[in-house]
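Working through the structure, step by step
These are the residues of each chain, in order.
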Amino acid sequence: MTELQDQSELKGAQRPRTAARVAAIQALFQIEQNEDRPESVIEQFLMHRFGTTLDNASYEEGFVPEPDTRLFSTIVRRGVAERDVVLEQLTQTLPATWPVARLDPVLRALFQAALGEALEGTVPARVLINEYMDIAHGFFSGDEPKLVNGVLDTIMKRLASVPSEEEGGHAD
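All of these numbers come straight from a predicted model, not from anything done at the bench.

Going through the model one piece at a time under the given rule, you end up with one cavity of 30 Å³ or more. Taken as a whole, the largest cavity encloses approximately 50 Å³ of empty space. Those elements that place two or more of their residues in the lining of the largest cavity are α5 (83-93) and α6 (105-120). With four residues, α5 is the single largest residue contributor to the lining of the largest cavity. In the lining of the largest cavity, the residues fall into four nonpolar, one polar and three charged.

Turning our attention to unusual backbone geometry. Positive phi is not limited to glycine here, since Glu-35 has a value of about 55°. With respect to the element layout, Glu-35 can be found in the loop between α2 (16-34) and α3 (38-49). Residue classification places Glu-35 among the exposed positions, given a relative accessible area of 74%.

Two side chains that carry opposite charge are able to pair once their charged atoms sit near each other. If you walk through the whole model with that rule in mind, you get nine salt bridges. In this structure, the salt-bridge partner of Asp-68 is Arg-17, at a minimum N-O distance of 3.4 Å. Separated by 51 residues along the polypeptide, Asp-68 in the loop between α3 and α4 (69-81) and Arg-17 in helix α2 bring together distant segments of the chain. Judged by its relative accessible area of 39%, Arg-17 falls in the partly exposed class. When the shortest N-O distance is used, the salt bridge between Glu-120 and Arg-78 registers 3.2 Å. With Glu-120 in helix α6 and Arg-78 in helix α4, this residue pair connects regions lying 42 residues apart in the sequence. Bridged by salt links that share partners, the residues Arg-15, Arg-21, Glu-117 and Glu-131 form one connected network.

Definitions and limits used
Residues numbered from 1 in each chain as written. Predicted model: local features only at pLDDT ≥ 70, side-chain atom pairs only at ≥ 80, totals over all residues. Heavy atoms only, no water. 1 Å grid on protein atoms, 1.4 Å probe; cavity = no way out; pocket = protein on both sides within 12 Å on 5 of 7 lines; lining within 4 Å. Points joined across faces, edges and corners; volume = space filled by probe spheres on them. Helix = DSSP H or I, 4+ residues; strand = E, 2+ residues; numbered from the N terminus. Nonpolar A, V, L, I, M, F, W, Y, C, P; charged D, E, K, R; others polar. Buried < 20%, exposed > 50% of the residue type's maximum accessible area, 1.4 Å probe, protein only. Salt bridge = Lys/Arg side-chain N within 4 Å of Asp/Glu carboxyl O.

Structural data, given as structure tokens:
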């Protein structure tokens, strides 16, 4: 997981919300790979992985600022809670020849974080798409960022077209 950690340091510098999102992807990856409990992983990140200094002088004064820990915790919890919805949305969006299980595990964690955050409904879809596409560029050098853009755009448009209960979309 060191490459994943290196990428978070690269993308998170001076951007606490971005750092929180990258760390959430790492945490969701760890939860899936190790079958860890979400609260244990959140606690591990809060106590041991945030606020570290870097030996690399190319980062401003060798320090990665603290991520927005509230956002980090929210994304991880939402990503885990909404996992079934995320997998369903990905299955509906990806071609049948490319099942969700075939996705790179980091990409699955990225989609889980992005869609978990999107389902929270507090950040505009276009902002989330741009942010997670930028993060994807930090993890991948191929076509994955384009895939992230297309998949998130499709799913977020689909989710936006479903009336919420507040809009009178519930059945009586």
